Amino acid sequence: MGLFNTMRISASGLSAERLRMDTITSNMTNATTTRGEDGKPYVRKIAVFQENLDNEKGLNGIKAVGIVDDPSPLKNVYDPTHPDSDENGYVTMPNVNILNEMADMITASRSYEANIDTLNATKSMFTKTLELGR
């Protein structure tokens, strides 16, 4: 595997982790949104990735396949004073758990940092190789 492949793989990892962090940010922002544009509560989103293989070049990192809704059930919270409560006083809340989102954000940011470190190490190898040619 060449150094350019390493840089390509790290760059795809950076893009993927950025999308994951953006998705997590959206989830955290909408953690209390009980009524969206469609009139329904917000549903947690998950970024989905897969390996990016090329038959000629081999592994090219990962690519985003899409963003899907989390299938876990929405939460019912008793709050009769809420404007979106039903006749029994329950409000259907999003299926977003802030603690899980924070843990996912920490994981994504550390993966992002690891890809940056890999890019910097590759750049350093390029520099050292050029210095050898002097």
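In the nomenclature of an unreviewed UniProt entry, the chain corresponds to Flagellar basal-body rod protein FlgC from the organism Clostridium sartagoforme. As stated in UniProt under Subunit (unreviewed entry), the record for the chain gives "The basal body constitutes a major portion of the flagellar organelle and consists of four rings (L,P,S, and M) mounted on a central rod. The rod consists of about 26 subunits of FlgG in the distal portion, and FlgB, FlgC and FlgF are thought to build up the proximal portion of the rod with about 6 subunits each." Reading the Sequence similarities (unreviewed entry) entry of the UniProt record for the chain gives the comment "Belongs to the flagella basal body rod proteins family."

Comments concerning the overall build of the chain
From N to C terminus, the chain includes 2 helices and 4 strands. Scaling as 2.2 N^0.38, a compact globule of 134 residues should have a C-alpha radius of gyration of about 14 Å, whereas the chain reaches 21 Å, well beyond that. When the backbone C-alpha atoms are referred to their principal axes, the chain occupies close to 80 × 30 × 20 Å. Out of the 134 residues in the chain, the part that is buried amounts to 23%. Pairs at least 24 residues apart make up 56% of the contacts formed inside the chain by residues separated by at least 6 positions. Roughly 9100 Å² of accessible area belongs to the chain as shown, and the carbon and sulfur atoms make up 54% of that amount.

As for the UniProt feature "domain: Flagellar basal body rod protein N-terminal" (unreviewed entry) in the chain
Under the present numbering, the feature "domain: Flagellar basal body rod protein N-terminal" (unreviewed entry) in UniProt falls on residues 7-34. Secondary structure within residues 7-34 divides into 82% helix and 0% strand; the distance between the first and last C-alpha atoms comes to 42 Å.

Observations concerning the side chain of Thr122
Take Thr122: it is sitting in helix H2 (residues 98-132). Thr122 gets classed as buried once you look at its relative accessible area, which sits at 2%. For Thr122, the side chain forms a polar contact with the main-chain oxygen of Thr118, separated by 2.8 Å.

Structural notes on the packing of aromatic side chains
On inspection of all chains with the given rule, the structure shows 1 aromatic pair. Ring geometry for Tyr78 against Tyr90: centres 5.3 Å apart, planes inclined by 65 degrees, an arrangement best described as edge-to-face. Separated by 12 residues along the polypeptide, Tyr78 in strand E3 (residues 75-78) and Tyr90 in strand E4 (residues 90-93) bring together distant segments of the chain. Here Tyr90 falls in the partly exposed class, since its relative accessible area comes to 39%.

Quick word on the environment of Ala121
With respect to the helices and strands, Ala121 occurs in helix H2. Expressed as a C-alpha distance, the spacing of Ala121 and Met7, which sit 114 residues apart in the sequence, is 9.8 Å.

Details of the pattern of salt bridges
Here the structure, examined in full by the defined rule, presents 7 salt bridges. A salt bridge links Glu17 to Arg20, with the nearest nitrogen and oxygen atoms 3.1 Å apart. On the criterion of helical spacing, the pair formed by Glu17 and Arg20 is a turn pair, its members being 3 residues apart in helix H1 (residues 3-29). With its nearest N and O atoms 2.4 Å apart, the salt bridge here joins Glu101 to Arg44. Of this pair, Glu101 sits in helix H2 while Arg44 is found in the loop between H1 and strand E1 (45-54), placing the two residues 57 residues apart along the sequence. Residue Arg44 is classed as buried on the basis of its relative accessible area of 14%. Among the charged side chains, a salt-bridge network with shared partners connects Arg44, Asp70, Glu101 and Asp104.

Reading the values: the criteria
- Residues numbered from 1 in each chain as written.
- Predicted model: local features only at pLDDT ≥ 70, side-chain atom pairs only at ≥ 80, totals over all residues.
- Heavy atoms only, no water.
- UniProt positions renumbered as here; feature names shortened; annotations may be inferred.
- Helix = DSSP H or I, 4+ residues; strand = E, 2+ residues; numbered from the N terminus.
- Rg over C-alpha atoms; globule rule 2.2 N^0.38 Å.
- Buried < 20%, exposed > 50% of the residue type's maximum accessible area, 1.4 Å probe, protein only.
- Contact = heavy atoms within 4.5 Å.
- Areas by Shrake-Rupley, 256 points an atom, 1.4 Å probe, with all protein chains shown as cover.
- Polar contact = N/O pair within 3.5 Å; in protein donor to acceptor, adjacent residues only side chain to side chain.
- Phe/Tyr/Trp six-rings, centres within 6.5 Å; stacked < 30°, edge-to-face > 60°.
- Salt bridge = Lys/Arg side-chain N within 4 Å of Asp/Glu carboxyl O.

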